[in-house]
Amino acid sequence: MYNVVVVGASGAVGQEILKVLEERNFPVGELKLCATSRSAGKQMVFRGRTYTVEETSVDSFAGMDIALFAGGAASKEFGPAAVERGCVVIDNSSNFRLDPQVPLVVPEVNPEDVKWHQGIIANPNCSTIIMVVPLKAIKDVAGIKRVVVSTYQAVSGAGMEAIEELTAQTRAVLDGRDYPPKVFPYQIAFNLIPHIDVFQEMDYTKEEWKMVKETRKILHDDQLAITATTVRVPVYRSHSESVNVETIEKLTSRKAREVLASFPGIVVLDNPAQKEYPMPLFCSHRDEVFVGRIREDNSIERGLNLWVVADQLRKGAATNAVQIAELLIKYRCLRGRQ
């Protein structure tokens, strides 16, 4: 059994982490739930037992084996202290993702990278996770020259307040009332916003650069040509992505379906004649990455178009983190648990 602390337990991702730990029957011994002072004292249930959320402090990690950080600034403040106290930190924030000393892991794609951790393992950006699973399947058989991706990201990726804003704003619009945006820069109800996170170099957003740089790191290919456009859409849960892949070797759509269907963690849902394709409505609360609309790019010799959907709170965050914890046990690379 392994002692686990969940930091940010009361938030959307933290709650999903607890669900996934329970569903996957993770061997939890002692469990601590931590969050900010605002959430301290909240009651949460895990495996039928009620736990009280504690305010996170450096003492929260004493005697613990694994620290699952749900995101935000907490890992930057408390991550090093957790490592000093013998924990392996699995971090869902962007604080360590591009640090060359920190593995960035998607278990279906680069599981062996957990072996060289130095106390911290980073969970990639949710949109990156969703995309790299099918990319790895294709890369292994045909190589990849270039990727063009456009995302359609659910509001839950921006937290509970974003979910509440979509609900309240939709009602207001339908009732003919004003509801000024607070979480998003513009009205999200009945709208699309091609802007996630802050704008950076070349007028790409931080979210778009995350997809570029993280994908290269995970696939161990610093020269991979990749460009991204990330869009917020009025959907509650599950991100969708239109992915165009230019391969090095020719890969037919038929062969691509076979390759994708046989890859761990992927469900191919691709039957145009029966109007079967992935949609957030049917892919939410699932751990798989769903791929459909698989077709050859008519504009280039070696290209494929894919439509990819996955629950960003589960595979894009919580499930991926718990899978990393499972790898630590499998490879016997928990600190002090060799």
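Nothing here was measured: the structure is a model prediction, and the numbers come from that model.

(A) Quick look at the layout of surface pockets. Its boundaries defined by the atoms lining it, the largest pocket holds a volume of some 1,400 Å³. Ala70, Gly71, Gly72, Ala158 and Gly159 are, among the 50 residues lining the largest pocket, the residues nearest its centre. Elements that contribute at least two residues to the lining of the largest pocket include exactly helix H1 (12-23), helix H2 (74-84), helix H4 (160-174), helix H5 (206-218) and helix H8 (314-330). Among the elements that line the lining of the largest pocket, the one with the most residues is H1, at 4 residues. For the lining of the largest pocket, the residue count by class is 17 nonpolar, 23 polar and 10 charged.

(B) A look at the packing of aromatic side chains. Tallied over the entire structure, the rule returns 3 aromatic pairs. Centroid distance Tyr204 to Trp209: 5.1 Å. Interplanar angle 45°. Geometry classified as tilted. Overall, Trp209 belongs to the buried group, its relative accessible area being 15%. Note that Lys115 overlies the ring of Tyr331, its terminal NZ or CZ placed 4.5 Å from the centroid.

(C) Highlighting the UniProt feature "binding site: substrate" (unreviewed entry) in the chain. Following the UniProt record, the feature "binding site: substrate" (unreviewed entry) maps to Gln153 and Arg232 here. Across 80 residues, the annotated set stays spatially compact, with a maximum C-alpha separation of 4.8 Å. Those annotated residues from the list above that line the largest pocket are Gln153 and Arg232. Its place among the elements puts Gln153 in strand S9 (residues 144-153). The class of Gln153 is buried, set by a relative accessible area of 1%. Not counting residues up to four positions away in its chain, the partners in contact with Gln153 are Ser127, Ile196, Glu207, Thr230, Val231, Arg232, Val233 and His239. Of note is the side chain of Gln153, whose polar atom sits 2.8 Å from the side chain of Thr151. Position of Arg232 relative to the elements: it lies in strand S10 (residues 225-232).

(D) Local environment of the packing of helix H3 (residues 126-142) against H5. It is the contact of H3 with H5, at a shortest axis distance of 9 Å, that shows an interaxial angle of 40°. Here H5 runs oblique to H3, going by the angle between their axes. Seen from above, H3 lies across H5 with right-handed handedness. Side by side, H3 and H5 meet where Ser127, Thr128, Met131, Val132 and Leu135 of the first sit next to Glu207, Lys210, Met211, Glu214, Thr215 and Ile218 of the second. Among the residues forming the contact of H3 with H5, the class breakdown is 5 nonpolar, 3 polar and 3 charged.

(E) Highlighting the sheet that holds strand S13 (residues 289-296). Read across the open sheet, the 6 strands follow the order S10-S9-S11-S14-S13-S12; overall the sheet is mixed. One side of each edge strand has no neighbouring strand; the edge strands of this open sheet are S10 and strand S12 (266-268). Neighbouring strand axes in the sheet, compared pairwise and without regard to direction, differ in orientation by 20° on average. By the bridge criterion, 8 bridges tie S9 to S10 in an arrangement that is parallel. When the bridges of S10 are listed, Val148 appears paired with Thr227. Relative to the sheet, H3 contacts S9, S10, strand S11 (239-247), S12, S13 and strand S14 (303-310), its axis offset from that of S11 by approximately 30°.

(F) Expanded view of the environment of Asp287. In this structure, Asp287 sits in the loop between helix H7 (280-283) and S13. Owing to a relative accessible area of 22%, Asp287 belongs among the partly exposed residues under this scheme. Along the chain, Asp287 and Val20 lie 267 residues apart, while their C-alpha atoms are 9.5 Å from each other. Filtering out sequence-adjacent residues up to four positions away, Asp287 remains in contact with Arg24, Arg314, Lys315 and Thr319. Here Arg314 takes part through its side chain, which lies 2.8 Å from a polar atom of the side chain of Asp287. Within polar-contact distance, the side chain of Asp287 engages the side chain of Thr319 at 2.6 Å.

Conventions and cut-offs
Residues numbered from 1 in each chain as written. Predicted model: local features only at pLDDT ≥ 70, side-chain atom pairs only at ≥ 80, totals over all residues. Heavy atoms only, no water. 1 Å grid on protein atoms, 1.4 Å probe; cavity = no way out; pocket = protein on both sides within 12 Å on 5 of 7 lines; lining within 4 Å. Points joined across faces, edges and corners; volume = space filled by probe spheres on them. Helix = DSSP H or I, 4+ residues; strand = E, 2+ residues; numbered from the N terminus. Nonpolar A, V, L, I, M, F, W, Y, C, P; charged D, E, K, R; others polar. Phe/Tyr/Trp six-rings, centres within 6.5 Å; stacked < 30°, edge-to-face > 60°. Buried < 20%, exposed > 50% of the residue type's maximum accessible area, 1.4 Å probe, protein only. Lys NZ or Arg CZ within 6 Å of the ring centre and 35° of its normal. UniProt positions renumbered as here; feature names shortened; annotations may be inferred. Contact = heavy atoms within 4.5 Å. Polar contact = N/O pair within 3.5 Å; in protein donor to acceptor, adjacent residues only side chain to side chain. Axes fitted to C-alpha atoms, helices over the stretch in contact; angles between N-to-C directions. Parallel < 35°, antiparallel > 145°, perpendicular 65-115°, else oblique. Left-handed = near helix turned anticlockwise from the far one by under 90°. Pairing = 2+ DSSP bridges.

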